[in-house]
Amino acid sequence: MPSDPAPAPIPRHLAVIMDGNGRWAQRRRRPRMIGHRAGARAVDVCIDFCLETGIEALTLFAFSSENWGRPEDEVGALMKLFLGALEREVDELHRRGVRIRFIGERERFAEAIRARMNAAEAQTAGNTRLQLSIAASYGGRWDIAQAARALARDVAAGRLAPEAIDEAMLGARMALADLPPPDLFIRTGGDTRVSNFLLWQLAYTELWFTETLWPDLDAATLRRALDAYAGRERRFGLTGDQVAGTQPQENNA
Ligand code: FPP
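Every chain's residues receive numbers from 1 upward, in the order its sequence appears when written. Residues qualify for local features only when their pLDDT is at least 70, as the model is predicted, and side-chain atom pairs are given and counted only at 80 or more; totals for whole chains, interfaces and linings, by contrast, use all residues. The side-chain values count all of the structure's non-hydrogen atoms but skip hydrogen atoms and water molecules.

- Looking at the chain in UniProt, the text filed under Catalytic activity (unreviewed entry) is "8 isopentenyl diphosphate + (2E,6E)-farnesyl diphosphate = di-trans,octa-cis-undecaprenyl diphosphate + 8 diphosphate".
- Among the UniProt annotations of the chain, the heading Sequence similarities (unreviewed entry) holds the following wording: "Belongs to the UPP synthase family." UniProt positions are given in the numbering used here, feature names are shortened, and annotations may be inferred rather than shown by experiment.

Set out below in structure tokens:
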């Protein structure tokens, strides 16, 4: 009897650039903020999808280091939106087994938001069903620089010899070092760039882009991304023949 085909591989870790909120609103002749509010609803769609499909980790780019340079009223309104989302959503996410954490320069946020971030992390720290990381005031270059600074401190304190520094050691100081690196990266909104997101961690991630604007995200779009992922051959720098044997486990280095 023919055996059942092997199930399509599901990414363990999905990283997403949620782009297109502003254009979604402009197409409706509405203020950009309406697009961000619709974008917050799409975050729920994405989390639901991960919980349903068994994706273990989801990392969302919510606000980049560069986004602080947007018009003051948009930044202020986004901060209100983040605070409101933290106040409303955390209990429900906790109930569903989601662990929440924030990566980025937290010191740049107002005290009220920082306090909510800390509380959300503490409340959900024991959850294991989905690791949800929100990149906020985050940049991949910032991440590499802060990891280098941590190593430099160890060298200056005499705890570490510069010659001992290797990729694994730097990788261990990067954000998300305790998670497997992203298997799949999705960017909505039609642009095909990485925009300073997880530069280190995306080294061998499969990239997938869609014209769909973030607020229009639905399960069918995410399913298309997973289907594309299932068709990719991940070689991690080896040959096709080599990976046809046993696939090496990539680590964060
Ligand atoms: C990019 O679209 C989106 C942002 C800079 C903000 C992302 C925020 C959300 C999705 C809403 C809330 C998120 C959480 C985690 C509660 P854009 O404004 O650059 O769109 P455009 O390219 O069409 O102008």
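## Remarks on the side chain of Glu206
- Relative to the helices and strands, Glu206 resides in strand S6 (residues 206-209).
- In this scheme, a residue with accessible area under 20% of its type's maximum is buried, one over 50% is exposed, and one in between is partly exposed, where area comes from a 1.4 Å probe on protein chains only. Given a relative accessible area of 14%, Glu206 falls into the buried group.
- Of the polar contacts made by the side chain of Glu206, one reaches the side chain of Arg232; its length is 2.9 Å.
- Non-local contacts of Glu206, meaning those with residues more than four positions away in its chain, are made with Asp183, Leu184, Phe185, Tyr229, Arg232, Glu233 and Arg234. Strands are runs of DSSP state E lasting at least 2 residues, helices are runs of H or I lasting at least 4, and numbering of each runs from the N terminus. We call two N or O atoms a polar contact when they sit within 3.5 Å, provided that within protein one can donate a hydrogen and the other can accept it, with sequence-adjacent residues counted only if both atoms are side-chain atoms. Contacts were defined at the residue level, with two residues in contact if any of their heavy atoms lie within 4.5 Å.

## Focus: the packing of aromatic side chains
- Two aromatic rings, drawn from Phe, Tyr or Trp (for Trp, its six-membered ring), form a pair once their centres lie within 6.5 Å of each other, and the interplanar angle then sorts them: stacked below 30 degrees, edge-to-face above 60, tilted otherwise. Following the criterion strictly, the structure yields eleven aromatic pairs and no others.
- With a centroid separation of 6.4 Å and 90° between ring planes, the pair formed by Tyr138 and Phe197 is classed as edge-to-face. Placement of Tyr138 in strand S4 (residues 130-138) and of Phe197 in the loop between strand S5 (184-187) and S6 is noted, with a sequence separation of 59 residues between them. Like Tyr138, the residue Phe197 is buried in the burial classification.
- Through a chain of ring-to-ring contacts, three or more aromatic side chains come together here, namely Phe61, Tyr138, Trp142, Phe185, Phe197 and Phe209.

## Remarks on the pairing of strand S1 (residues 13-17)
- With five of five residues buried, S1 lies mostly within the body of the structure.
- With burial as the criterion, each face of S1 is covered, one bearing His13, Ala15 and Ile17 and the other bearing Leu14 and Val16.
- For two strands to be treated as a pair, DSSP must find no fewer than two bridges joining them. Direction of pairing for S1 relative to strand S2 (residues 57-64): parallel, over a ladder of five bridges. Residue Val16 lies in a different strand from S2, and its bridge partner there is Leu60.
- Here S1 runs beside S5; their pairing, made up of four bridges, is parallel. For Leu14, the partnering residue across the bridge sits in S5 and is Leu184.

## Some words on the side chain of Gln146
- As for its placement among the helices and strands, Gln146 is situated in helix H5 (residues 140-156).
- At 2.8 Å, the side chain of Gln146 forms a polar contact with the side chain of Asp143.
- Reaching out from Gln146, the side chain makes a polar contact with the backbone oxygen of Arg173 at a distance of 3.1 Å.
- Not counting residues up to four positions away in its chain, the partners in contact with Gln146 are Arg173, Met174 and Ala175.

## Notes on the pairing of S2
- Here S2 lies mainly inside the structure; seven of its eight residues are buried.
- Inspection of the sheet shows S2 paired to S4 by seven bridges, in the parallel sense. Across the sheet, Thr59 pairs through a bridge with Ser133, a residue of S4.

## Some remarks on the UniProt feature "active site" (unreviewed entry) in the chain
- Here the UniProt-annotated "active site" (unreviewed entry) positions come out as Asp19 and Asn67. Taking the farthest pair of C-alpha atoms as the criterion, the annotated set spanning 49 residues converges on one region, since that pair is 12.3 Å apart.
- Locating Asp19 in the fold gives a position in the loop between S1 and helix H1 (21-27).
- Using a relative accessible area of 18% as the deciding quantity, one classes Asp19 as buried.
- When residues no more than four places from it in sequence are discounted, the contact partners of Asp19 are Arg187, Thr188, Gly189, Asp191, Thr212, Leu213 and Trp214.
- Its location among the elements puts Asn67 in the loop between S2 and helix H3 (72-95).
- For Asn67, a relative accessible area of 17% puts it in the buried group.
- Within polar-contact distance, the side chain of Asn67 engages the backbone nitrogen of Ser64 at 2.8 Å.

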